[in-house]
Amino acid sequence: MNLGAGRVMSFHRLMFSACLLYAAPVIAASNLVLIPGGRFEMGCKGCNIEDALPLHQVDLSSFWMDATPVTNVAFDRFVRRTNYVTVSERQPDPRDYPSVPREYLVPGSAVFKRPESVASLRDPLVWWKYVEGASWRHPEGLGSSITGRENHPVVHIAYPDARAYCKQAGMRLPTEAEFEFAARGGLAGKKYSWGDTLRPNGKWVANIWQGHFPMKNSAQDGYSGTSPVTVFPPNGYGLYDMAGNVWQWTSDWYRPDTYQSDAAMGRVRDPVGPATSQDPGDVGVPKRVQRGGSFLCSDRYCSRYLVGSRGKGAVDSAGSNTGFRCARSLRANPTTKVPNSRRPT
Ligand SMILES: [Ca+2]
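No experiment lies behind these values; they were computed from the predicted model shown.

Colleague: Sorry if this is basic, but what is going on with the environment of Ala-134 here?
Modeller: Summarising the element assignment, Ala-134 is placed in the loop between β7 (128–132) and α3 (159–168). Note on Ala-134: 27 C-beta atoms within 10 Å, which makes it buried. Once residues lying within four places of it in the same chain are set aside, the contact partners of Ala-134 are Ser-88, Gly-108, Ser-109, Val-111, Pro-139, Glu-140, Gly-141 and His-156.

Colleague: Looking at this structure, how should I read the sheet that holds strand β9 (residues 267–269)?
Modeller: Two strands in a sheet stick together by hydrogen bonds in their backbones, pointing the same way (parallel) or opposite ways (antiparallel). Read from one edge of the open sheet, 3 strands run β3-β4-β9, paired in mixed fashion. Only two strands of the sheet have a single neighbouring strand rather than two, namely β3 (38–42) and β9. For this sheet, the mean inter-axis angle between neighbouring strands, taken without regard to orientation, is 25°. Taken together, the 3 bridges between strand β4 (residues 56–60) and β9 define a ladder with parallel strand orientation. Of the residues in β9, the one forming a bridge with Gln-57 is Arg-267.

Colleague: What exactly am I supposed to notice about the nonpolar core here?
Modeller: One broad trend across soluble globular proteins is that nonpolar side chains are buried collectively. The biggest cluster of nonpolar side chains holds 73 residues, and the ones touching the most others in it are Val-33, Ile-35, Met-65, Ile-157, Ala-162, Ala-182 and Leu-239. For this core, the leading source of residues is helix α4 (residues 176–184), giving 5 residues.

Colleague: Where do I start with the confidence of the model for the chain in this structure?
Modeller: Do not read the fine detail of predicted coordinates wherever pLDDT is low. Counting all residues, the mean pLDDT for the chain is 89, and 87% of those residues have values of 70 or more. In this model residues 1–22 is a low-confidence stretch, pLDDT under 50, and it forms 73 contacts with partners more than four residues away in sequence or in other chains. Note on residues 333–345: pLDDT is under 50 here. Beyond four places in sequence and across chains, it has 19 contacts.

Colleague: Help me understand the sheet that holds strand β12 (residues 322–323) in this model?
Modeller: What the 4 strands build is an open sheet, ordered β11-β10-β8-β12; its pairing is mixed. Looking along the sheet, the strands with just one partner apiece sit at the ends: β11 (311–314) and β12. The sheet contact formed by strand β8 (residues 247–253) and strand β10 (residues 287–291) spans 3 bridges and is antiparallel. From the neighbouring strand, Trp-249 faces β10, where its bridge partner is Gln-290. Running at roughly 5° to β10, α4 makes contact with β8 and β10 of the sheet.

Colleague: In this structure, what is going on with the pairing of β10? I would like to understand it.
Modeller: Moving residue by residue along a regular strand, the side chains alternate between the two faces of the sheet. Most of β10 sits inside the fold, with 5 of its 5 residues counted as buried. Alternating positions in β10 separate into two faces, Lys-287, Val-289 and Arg-291 on one and Arg-288 and Gln-290 on the other, with burial throughout. Taken together, the 4 bridges between β10 and β11 define a ladder with antiparallel strand orientation. What sits directly across from Val-289, in β11, is Lys-312.

Rules used throughout
- Residues numbered from 1 in each chain as written.
- Predicted model: local features only at pLDDT ≥ 70, side-chain atom pairs only at ≥ 80, totals over all residues.
- Helix = DSSP H or I, 4+ residues; strand = E, 2+ residues; numbered from the N terminus.
- Buried ≥ 20, exposed ≤ 12 C-beta atoms within 10 Å, placed from the backbone.
- Contact = placed C-beta atoms within 7 Å.
- Pairing = 2+ DSSP bridges.
- Axes fitted to C-alpha atoms, helices over the stretch in contact; angles between N-to-C directions.
- Core = buried A, V, L, I, M, F, W, Y, C linked by C-beta atoms within 7 Å.
- pLDDT = per-residue confidence, 0-100.

Dropping the structure here:
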């Protein structure tokens, strides 16, 4: 999610101010899909998104990727097994937030709250509220639960939470390049992970926002919040929710000039992002790249379901639209054997 600040920092502001050789994928029994490596043009042409330019050539090795974002039921199994406590469930350390009054340092997370009106779309803190007790177990705060949403993506996941989950599974977060390559699903130069038409055959194929953001959500796609992870069609690689539903963490640090640096090298292979983070609009807040957009993205605001677009999130920040999926290097081959004839070259 693009809160633009750490989770309590956000609250503080709130209170005091906010062509390659495509090969067929192999689907493993364990929800993993083998993404055959290759070369692609990375970036978002015609998106008017400055940090997603210039287009540049990237070579990627083959890798495994979760077919879906991690669900509530899967995250629940992880927590039961490990007793892991997510960032939003922890008591914030006053030493990390010296300028925030202690009475505001409570466990919680950011929840989208529909405003009656907005003066502009420049201040997301008008519709994001820091809610005490909001967490993956209580997506809208205490009193809410994930009952009935077992197969929805887990939300309120900060970067360390996502990394911890993937690590215990013997996996890792995808790099930004891996996410985009996988999201393109074997298509080259398309606007979306499914092609160039937002609504092919008049149907919504991703969970995004319809209506006048942020006041009116007509939910023409059937969902005003998160949706089950396999309810919309998969892309060409058999991956679900590579656009819309929830933002998904990648392992790359965010910088607005990453693509400029990569393009200057001519072609990059298996990029892992810059060594450090920098967001000129939020100086001093370390951020990682997020991809995919969410159920809150519309053509009026965000538009980050565009397959080449980028997002970012403070590492200690999450919200009711922040989730993740895991990836795995090919060397760490999971249980499924890949037929020789379909091995990537
Ligand atoms: Ca929707």
